[in-house]
Amino acid sequence: MRLLIMGPPGAGKGTQAAVIAQLLGIPHISTGDIFRANVSEGTPLGIEAKRYMDAGEYVPDGVTNAMVRDRLAQADCGPGFLLDGYPRTVEQVGELDGMLKASGASLDRVIELTVDTDVVVGRLVKRAADQGRSDDTEDVIRRRLEVYAEQTAPLIAAYQSRGLVVRVNGMGDVAEVTSRVLAAVGVDG
Ligand code: AMP
């Protein structure tokens with residue numbers, strides 16, 4: 001199964017994506033996690049990405065697309081994948097279409113997780129304290145929500161017009177949301 005999970009920062013995408021990918025036996029590919037791993041290892045990619053991440057901005061498409069292209073070309077993605085945090089821009093949608101087309105594959109579903117903005121800000125502030133994420137100060141959180149609304153929310157409309165979007169209420173405990181997601185993608189929990 002080839003899935004995308006979308007939703008504002010703090011909607012619980014990462015948590016849900018990890019659980020769902022494990023249940024479905026497909027790799028969970030989080031561009032944010034890959035960037036963070038590069039930042040902590042101090043790789044050239046990490047040094048480049050950190051500048052943008054710390055400001056709440058998106059890493060440039062060229063850098064991000066190349067990274068995803070490499071990852072999707074790995075053998076474990078053959079049977080499917082769950083992409084978390086990509087695509088985030090119109091250009092990235094086109095790139096992903098091209099990558100899939102080249103391998104004769106297509107997306108099965110786009111999961112949209114919905115949450116209240118107040119809840120999202122609260123979750124992000126708590127996560128910043130728990131994980132020491134430098135991209136989760138209050139100003140940066142606000143900027144990340146703005147960037148999401150400007151650049152990423154419109155992508156959902158694009159996928160909607162292809163009939164791929166399943167909308168899932170992201171409020172509630174983790175297990176509850178997981179069951180909703182599984183039901184929405186047509187898998188028995
Ligand atoms: P996330 O953990 O998915 O919220 O991502 C954390 C940060 O990594 C984002 O705020 C961006 O700076 C960067 N990032 C992750 N995915 C992408 C993407 N698809 N395009 C551009 N930047 C990204």
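Our structure's up above, just so we're on the same page.
What you are looking at is a predicted structure, and each value in this text was computed from that prediction instead of being measured. Along each chain, residues carry numbers from 1 onward, in the same order as the chain's sequence is written. Owing to the predicted nature of the model, reporting of local features is limited to residues with pLDDT of at least 70; listing and counting of side-chain atom pairs is limited to 80 or more, with chain, interface and lining totals taken over all residues. Computation of side-chain values covers all heavy atoms of the structure but excludes hydrogens and water.

1. A look at the site of the ligand
It suffices for a single heavy atom of a residue to lie within 4 Å of a molecule or strand for the residue to be listed as near it. Around the ligand, the structure places 16 residues, and the nearest of them are Thr 31, Glu 57, Gly 85, Gln 92 and Arg 144. Any N or O atom pair separated by 3.5 Å or less is treated as a polar contact, with the protein-specific requirement of one donor-capable and one acceptor-capable atom, and with residues adjacent in sequence counted only for side-chain atom pairs. Measuring from a nitrogen atom of the ligand, one finds a backbone N or O atom of Gly 85 at 2.8 Å. Accessibility throughout is a Shrake-Rupley quantity obtained with a 1.4 Å probe, and a residue counts as covered only by protein chains that appear here. When the free accessible area of the ligand is taken as 480 Å², the share hidden by the protein chains comes to 96%. Residues were grouped as follows: Ala, Val, Leu, Ile, Met, Phe, Trp, Tyr, Cys and Pro as nonpolar; Asp, Glu, Lys and Arg as charged; and all remaining residues, including Gly, as polar. The residue inventory of the shell around the ligand, partitioned by class, reads five nonpolar, five polar and six charged.

2. As for the environment of Val 19
Runs of H or I in DSSP of at least four residues are treated as helices and runs of E of at least two as strands, each being numbered from the N terminus. Structurally, Val 19 can be placed in helix 1 (residues 13-24). Along the chain, Val 19 and Arg 88 lie 69 residues apart, while their C-alpha atoms are 22 Å from each other.

3. Description of the sheet that holds strand 5 (residues 165-169)
Two orientations exist for strands paired in a sheet by backbone hydrogen bonds: parallel and antiparallel. Note: two strands are recorded as paired if DSSP finds a minimum of 2 bridges between them. An order of 2-3-1-4-5 is seen for the five strands of this open sheet, with the pairing classed as parallel. Every interior strand has two partners, whereas the edge strands, strand 2 (28-30) and strand 5, have only one. Along the sheet, successive strands turn relative to each other by an average axial angle of 20°, direction set aside. Taken together, the three bridges between strand 2 and strand 3 (residues 81-84) define a ladder with parallel strand orientation. Within strand 3, the residue paired with Ile 29 across the bridge is Leu 83. Interaxial angles span 0 to 180 degrees and are taken between N-to-C directions of axes, which are lines fitted to C-alpha atoms, for helices over the stretch in contact.

4. Description of the pattern of salt bridges
Note on definitions: salt bridges are taken to be side-chain nitrogens of Lys or Arg within 4 Å of carboxyl oxygens of Asp or Glu. This structure, assessed with the given rule, holds 14 salt bridges. Among the ionic pairs, Arg 36 bridges to Asp 33, the shortest N-O distance being 2.8 Å. Taken together, the residues Arg 36 and Asp 33, both in helix 2 (residues 31-41) and three residues apart, mark about one turn of the helix. Buried means the residue's accessible area, taken with a 1.4 Å probe over protein chains only, is under 20% of the maximum for its type, while exposed means over 50%, and partly exposed covers the values in between. The class of Arg 36 is partly exposed, set by a relative accessible area of 27%. According to the relative accessible area criterion, Asp 33 is partly exposed, its value standing at 40%. Via salt bridges that share partners, Glu 57, Arg 143, Glu 146 and Glu 150 belong to a single interconnected network.

5. Description of the pairing of strand 1 (residues 2-6)
For a regular strand, the rule is simple: side chains alternate between the two faces of the sheet. Within strand 1, five of the five residues are buried, which leaves it mostly tucked inside the rest of the structure. Here strand 1 shows a buried face lined by Arg 2, Leu 4 and Met 6 and a second buried face lined by Leu 3 and Ile 5. Where strand 1 lies against strand 3, four bridges are found, and the strand directions are parallel. Each residue of the ladder has a partner; that of Ile 5, found in strand 3, is Asp 84. Strand direction decides the pairing type here: strand 1 and strand 4 (residues 109-114), joined by four bridges, are parallel. Counterpart to Ile 5 in the pairing with strand 4 is Ile 111.

6. Description of the side chain of Glu 112
Among the secondary structure elements, Glu 112 is positioned in strand 4. The class for Glu 112 is buried, based on a relative accessible area of 9%. In this structure Glu 112 touches Met 6, Ile 156, Val 165, Val 166, Arg 167 and Val 168, once residues within four positions along its chain are discounted. Two residues form a contact once any of their heavy atoms are found within 4.5 Å.

7. Topic: unusual backbone geometry
Between Tyr 86 and the following residue, Pro 87, the backbone shows a cis peptide bond with an omega angle of -5°. Mapped onto the elements, Pro 87 comes out in the loop between strand 3 and helix 5 (90-102).

8. As for the packing of helix 1 against helix 8 (residues 174-184)
At their nearest, the axes of helix 1 and helix 8 sit 10 Å apart, and the two run at 55° to each other. Overall, the two elements helix 1 and helix 8 adopt an arrangement that is oblique. Crossing angle aside, the handedness with which helix 1 passes helix 8 is right-handed. Seen from helix 1, the contacting residues are Thr 15, Gln 16, Val 19, Ile 20 and Leu 23; seen from helix 8, they are Val 174, Val 177, Thr 178, Val 181 and Leu 182. Considered class by class, the residues forming the contact of helix 1 with helix 8 number seven nonpolar, three polar and no charged. Each angle is binned into one of four classes, with values under 35 degrees roughly parallel, values over 145 roughly antiparallel, values of 65 to 115 roughly perpendicular, and all other values oblique. In this scheme, a crossing is called left-handed if the near helix is turned counterclockwise away from the far one by less than a right angle; it is called right-handed if the turn is clockwise.

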